[in-house]
Amino acid sequence: MATTGLMTMRAYLVEWLWSLHKEKTMKTYKNLYQELCSKENIALAFKKAQKRKSKKPYVIEFKNNLDKNLELLRLELLSETYKPRPLRTFVIREPKTRKIRKSYFVDRIVHHAICNVLEPIFEKRFIHDSFANRKGKGTLNAINRFDKFKQKVSKNNTRNCYVFKADIKHYFDEVNHNTLINILRKKINDEKLISLISNVLKNHSNMVGMPLGNMTSQFFANVYLNELDQFVKKELRVKYYIRYVDDFVILHDNKEILESYKEKIDIFLKEKLQLELHTTKSKILLLERGILFLGFRHYTYHKLLRKSNIITMGKRIVQGDYDSICEFLEGWLSYANHANTYNLRHKIVDTIESNFQGNISLLQIDRLIKYAEV
């Protein structure tokens, strides 16, 4: 009798814990639109939108009548008369040619206002090893995670380590709006907010695609591919998986298992997200032969910068002025320091010094002034 009672109690406890889990995962959020339109949220969105752009003419013009402009935008949102302005298009060619569609400043404020409301909700659902466009994550943390994973899989370089290096074909151009909205509806029960998001998406195209460069595009990219993350971690039970936007890797000591993962992931992407793996860029490779991931070529014992990164730095030295080179160099050296680039870094610094003998940059002058004021 005591044993039966204990089993009944355990069964009840399991059922209760499962009901709590279901309630937590099924919870939806209402009345978010009012929060989005609050004066506090619009003001915060403006501060984020103008960050590192405060000297731009369009920001200065907006700030000249700041309170009025923010209130007008808020009233447009409250009355549901807000409409995004047509996107402006330009092309960048480094590190590769891409078409960027840029929103007007006032629309970027709206994008930040949307993300301010949605991020706290969806951040809880993101996996630990999704590293793009999230606080405390970023490229270098993803690279450090890769280093830890390769050590674990290879048992400190005592056995082979294979890497499924994957890339999703034309990702930002192929995101399906209806699928994204349905994913958002799992957590968002607010038709006004859903309608606003739909209008932002349609400003790029009617059915598919998101513009590179928009704050909302970066955030929705994570929301959309979180479906893949959950499939990989919960259904496939993959242990060593890292994703950065549409680039992701899986590490394993068994090539056949990675082949199985690849096949199942490709089916999932096609059936659930209307996406597909890039056939030429998605490969299973032996780590010791080198794996390109996030700007570095990773090997068993070391990593190097990819050639295009070095070429870009060389062009900067040839084409740039001393101030712009020094500003770029500081960040580049910090980045390059994470690879085996000691000789390369010294060679580049020596080249700059020989090309610009006797020069002192504005960056150096600012530091000297700050030092003198201490």
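These numbers were taken from a predicted model, which means no experiment stands behind them.

Rules of the game
Residues numbered from 1 in each chain as written. Predicted model: local features only at pLDDT ≥ 70, side-chain atom pairs only at ≥ 80, totals over all residues. Heavy atoms only, no water. Axes fitted to C-alpha atoms, helices over the stretch in contact; angles between N-to-C directions. Helix = DSSP H or I, 4+ residues; strand = E, 2+ residues; numbered from the N terminus. Parallel < 35°, antiparallel > 145°, perpendicular 65-115°, else oblique. Contact = heavy atoms within 4.5 Å. Nonpolar A, V, L, I, M, F, W, Y, C, P; charged D, E, K, R; others polar. Buried < 20%, exposed > 50% of the residue type's maximum accessible area, 1.4 Å probe, protein only. Salt bridge = Lys/Arg side-chain N within 4 Å of Asp/Glu carboxyl O.

## Section: the packing of helix α4 (residues 57–64) against helix α6 (residues 105–123)
Stage number 1. Running from N to C, α4 and α6 point in directions that differ by 80°, and their axes come no closer than 10 Å. Relative to α6, α4 is oriented roughly perpendicular. Counting all contacts with α4, which are made through Y58, V59 and F62, the residues of α6 involved are F105, V106, R108 and I109.
Stage number 2. Looking at the contact of α4 with α6 residue by residue, the classes come out as six nonpolar, no polar and one charged.

## So, the side chain of S130
Stage number 1. Position of S130 relative to the elements: it lies in the loop between α6 and α7 (139–153).
Stage number 2. Owing to a relative accessible area of 1%, S130 belongs among the buried residues under this scheme.

## What about the pattern of salt bridges?
Stage number 1. Under the defined criterion, the tally for this structure stands at eleven salt bridges.
Stage number 2. In this structure, K150 and D147 form a salt bridge, with 3.9 Å as the shortest nitrogen-oxygen distance. Here D147 and K150 lie together in helix α7, a separation of three residues that amounts to about one turn.
Stage number 3. The class of K150 is buried, set by a relative accessible area of 6%.
Stage number 4. Across the salt bridge formed by D266 and K270, the nearest N and O atoms sit 3.3 Å from each other.

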